[in-house]
Amino acid sequence: LTEQLFAGVDIGGTKISVLITDGGGRAVGRAKKKSKPEKGFRGVMDRAAQTVAEACDAAGVDVGSIKAAGVGAPSPILPNGTAINATNMGWKNVPLAEALRERLKMPVFAENDCNAGTFGEYALGKRQRKGTLIGLFMGTGLGGGLVMNGKLVTGDNSMAAEIGHMTVNVDGRPCGCGKRGCLEAYASKTGMAYAFKEAILLEKRESILPKLMEDAGYDNVRSSLLKRAWDEGDAVVREALAQAARYLGVAAGNLITLLGPETIVFGGGVFDALGKELLPLVKASTKEHAFPPQSLADTSLELAQLGDDAVALGAMAYARSRLLAPS
Ligand SMILES: [Zn+2]
């Protein structure tokens, strides 16, 4: 199967990234395009299909030679490839896999982007894995995924493993989902924006963030700026990130208590920029929240390895697995 070619498609609110890989996940071509969600679902699907064609050009292969495509998108996705609700794309119940299948004339399998990213870490990460793996990805939001027995777990309702919306503080901050105290309300850029606004605008604390940000809002501070502020010792930014790490540890501890996984990986833009700084804080907090205490020794807390390509690679690996073992 390693000689066969696959496409991995990562559809996000700002861009579409496509990788063409061999069966082992080695990239042979890639392309990128703005996703332009304002053009509607069909417009985004057209652009995704074009991006696949461009990536094939870059790889010097025909679209017809691709065995299957995997697509990851920011929505819960049913086994038939329907995207139920992608708020930042403006999609509700759209036939994601089917629309791409029609355009690309090949088998297409769709998964939630963070599920895909988690599956990629499981199937293509450096270490050979067999046990349970949980992925937590901190960027604009907090996405998660769960692989058990070599398969993504999405529950009997196909909607499970939305780890970012597990409650970690019952009386906590409001979350974009309408609940309170979700993990995402603390451990994400959207969540940290609360801490920034409170400290800088309300308490008038000093921070280099306003200067670094220029006119951009606090809702989605670039990870590279968070890293710069951290390096310069900015107390407001360090506290917000430490709080994010603390709540990630609460979630990781609970997940260890529930599932006793072999591995939890931490990825996404914030960890790609600040992984070395944050991982020790996450570990310290996890230690306080896992039970029994000795269960900690059996779970490895690690940084994700696939970086920016995690979703595209994971979607490719997911398509490959579905092709091998249709379910
Ligand atoms: Zn929530």
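Whatever comes next refers back to the structure up there.
Residues numbered from 1 in each chain as written. Predicted model: local features only at pLDDT ≥ 70, side-chain atom pairs only at ≥ 80, totals over all residues. Heavy atoms only, no water.

At this site the zinc ion is bound by H165 (ND1), C175 (SG), C177 (SG) and C182 (SG), with donor distances of 2.0 to 2.4 Å. Bound by 4 donor atoms, the zinc ion shows angles of 107 to 118 degrees at the metal and therefore tetrahedral coordination geometry. Linear spacing of the donor residues for the zinc ion on their chain is H-x9-C-x1-C-x4-C. Here the residue H165 occupies a position in the loop between β10 (151–152) and α4 (189–202), and C175 occupies one in the loop between β10 and α4, the gap between them amounting to 10 residues. Residue H165 is classed as partly exposed on the basis of its relative accessible area of 22%. (Donors = N, O, S within 2.8 Å, 3.2 Å for Na, K, Ca; no water. Tetrahedral: all angles 85-135°; square planar, octahedral: opposite > 155°, others 65-115°. Helix = DSSP H or I, 4+ residues; strand = E, 2+ residues; numbered from the N terminus. Buried < 20%, exposed > 50% of the residue type's maximum accessible area, 1.4 Å probe, protein only.)

Turning our eyes to something else, we now look at the environment of D171. Along the chain, D171 falls in the loop between β10 and α4. Taking C-alpha positions, D171 is 6.2 Å from G181, a pair spaced 10 residues apart along the chain.

What follows covers the pattern of salt bridges. The full count for this structure, using the stated rule, is 10 salt bridges. The shortest N-O distance in the salt bridge between D22 and R26 comes to 3.4 Å. Under the relative-accessibility criterion, D22 is labelled buried at 15%. Two residues, D46 and R103, come together in a salt bridge whose shortest N-O distance is 2.7 Å. Pair noted here: D46 is in helix α1 (residues 40–59) and R103 is in helix α2 (residues 96–104), with a separation of 57 residues, a long-range link. Classification of D46 as partly exposed rests on a relative accessible area of 38%. Look at the salt bridges and you will find they share partners, linking K227, D231 and E277 into a network. (Salt bridge = Lys/Arg side-chain N within 4 Å of Asp/Glu carboxyl O.)

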